[in-house]
Amino acid sequence: MPEISVVVPAFNEQDSLPELLRQIRESLQPLKRSYEVIVVDDGSTDNTLPVLRELKKEYPELKVISFRRNYGKSAALSVGFRKAQGDFIFTLDADLQDDPSEIPEILPLLEKEYDLVSGWKKKRHDPLSKTIPSRIFNLVTSLMSGIRLHDFNCGLKGYRKEAAKSLEIYGELHRFLPVLAHWHGFRVGEKVVRHRPRRYGRSKFGISRFFNGFFDLLTVIFITRYKTSPLHM
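Criteria and thresholds
- Residues numbered from 1 in each chain as written.
- Predicted model: local features only at pLDDT ≥ 70, side-chain atom pairs only at ≥ 80, totals over all residues.
- Heavy atoms only, no water.
- Core = buried A, V, L, I, M, F, W, Y, C linked by side-chain atoms within 4.5 Å.
- Buried < 20%, exposed > 50% of the residue type's maximum accessible area, 1.4 Å probe, protein only.
- Helix = DSSP H or I, 4+ residues; strand = E, 2+ residues; numbered from the N terminus.
- Pairing = 2+ DSSP bridges.
- Axes fitted to C-alpha atoms, helices over the stretch in contact; angles between N-to-C directions.
- Contact = heavy atoms within 4.5 Å.
- 1 Å grid on protein atoms, 1.4 Å probe; cavity = no way out; pocket = protein on both sides within 12 Å on 5 of 7 lines; lining within 4 Å.
- Points joined across faces, edges and corners; volume = space filled by probe spheres on them.
- Nonpolar A, V, L, I, M, F, W, Y, C, P; charged D, E, K, R; others polar.
- Expected span 1.5 Å × (residues − 1).
- Salt bridge = Lys/Arg side-chain N within 4 Å of Asp/Glu carboxyl O.

Asker: Where do I start with the nonpolar core in this structure?
Answerer: If you look at soluble globular proteins, the nonpolar side chains tend to sit buried side by side. One finds Phe81, Tyr159, Leu167 and Leu177 to be the most contacted residues of the largest nonpolar core, which totals 32 residues. Where this core is concerned, the elements lending two or more residues are strand E2 (35-41), helix H3 (73-83), helix H6 (161-166), helix H7 (177-183) and helix H8 (207-225). If you look at the next biggest cluster of nonpolar residues, it comprises 30 residues, including Val8, Ile24, Val39 and Leu156.

Quick look at the structure:
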């Protein structure tokens, strides 16, 4: 039974996956703990799945889940969390902008202090068209949810198993996992993490996601604060 699970949603990331698997191994092997890597291929239209099948020959710790079509990051995380066996579960984006070497630094925080640790990309390597909407989104989410975090949507997060498996993730709720965990009574914290420039592929961010995020936030506020008194909303 692995002690650590790393869940990676992947959509059209054929070029980055070999490097990502190498970095995860280099980061986790020194811990001398058993681990697994679960990559969820979210209906990729490039060679992501064939690449993963080849990588399994080199990385026995790798487990691959493949969707027939693109269902989105929430669905990928939901399935990944259900399949994860580790006592501590980490998530990374597949595009190499998250640094796997942060995992050993987050692990002690989960062991001693928190049930969920969210990465904070304090220094970002993204264009202003992405960073400015992100700052507004994080500020509004913090004010409306009552949980003070700087970066809700960072792909790099660590969870205790019971926290990850308690979350019901669907639609676009992956943006608000710290909020959901907080309202379930789990201890939520954050840690400054390195953010690296994108090397392969293209960003999946679009301006529509910013506006959709507002309505998703209303959904989260409704199901956490007003589920038992809907008319108060």
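That covers the picture; the talk isn't over yet.
Asker: Sorry, what's going on with the sheet that holds strand E7 (residues 188-192) here?
Answerer: Within a sheet, adjacent strands bond to each other through the backbone by hydrogen bonds, running parallel or antiparallel. One open sheet holds the seven strands; their spatial order is E3-E2-E1-E4-E6-E5-E7, and the pairing between them is mixed. Looking at strand neighbours, the two that pair on one side only are strand E3 (62-66) and E7, the edges of this open sheet. For this sheet, the mean angle separating the axes of adjacent strands, direction not counted, is 20°. In the sheet, strand E1 (residues 4-10) pairs with E2 via seven bridges, with the strands oriented parallel. For Ile4, the partnering residue across the bridge sits in E2 and is Tyr35. Packed on one face of the sheet, helix H4 (residues 103-112) meets E1, strand E4 (88-91), strand E5 (116-120), strand E6 (157-160) and E7 and runs near 140° to E4.

Asker: Sorry if this is basic, but what is going on with the layout of surface pockets here?
Answerer: The probe, sized like a water molecule, is rolled over the atoms to show the empty space still left. Its boundaries defined by the atoms lining it, the second largest pocket holds a volume of some 280 Å³. Along its surface, the second largest pocket is lined by 16 residues, and Trp120, Arg135, Asn138, His150 and Asp151 are the ones closest to its centre. Considering each element in turn, the lining of the second largest pocket owes the most residues, seven residues, to helix H5 (residues 128-145). A class-by-class count of the residues in the lining of the second largest pocket yields four nonpolar, five polar and seven charged.

Asker: I tried to follow unusual backbone geometry on my own but got confused; where do I start?
Answerer: The phi angle of most residues is negative, glycine excepted, and most peptide bonds adopt the trans form. Notably, Asn12 is not glycine yet its phi reads approximately 55°, a positive angle. Mapped onto the secondary structure, Asn12 falls in the loop between E1 and helix H1 (17-28). Positioned with a positive phi, Leu96 is a non-glycine residue whose angle comes to about 75°. For Leu96, the location among the structural elements is in the loop between E4 and H4.

Asker: Is there a simple way to explain H1 in this structure?
Answerer: Turn by turn, an α-helix covers 3.6 residues, leaving residues three or four places apart pointing in a common direction. Helix length check: H1 (twelve residues) gives 16 Å between terminal C-alpha atoms against 16 Å at 1.5 Å per residue, within 8%. Those residues of H1 not exposed but buried are Leu17, Glu19, Leu20, Leu21, Gln23, Ile24, Ser27 and Leu28. For H1, the secondary structure elements touched by its buried residues are E1, E2, helix H2 (48-58), E3 and H4.

Asker: Would you mind showing me how to read the pattern of salt bridges here?
Answerer: Once their charged atoms are close, side chains differing in charge can pair, the charge on each being opposite to the other. Overall, the coordinates contain 17 salt bridges when judged by the stated rule. Of the charged contacts in the structure, one is a salt bridge between Glu54 and Lys57, with a shortest N-O distance of 3.0 Å. Highlighted residues: Glu54 and Lys57, both in helix H2, separated by three residues, approximately one helical turn. We note a salt bridge from Arg175 to Glu172, for which the minimum N-O separation is 3.6 Å. Beyond isolated ion pairs, a larger network of salt bridges with shared partners links Asp99, Glu102, Glu105, Lys191, Arg194 and Arg196.

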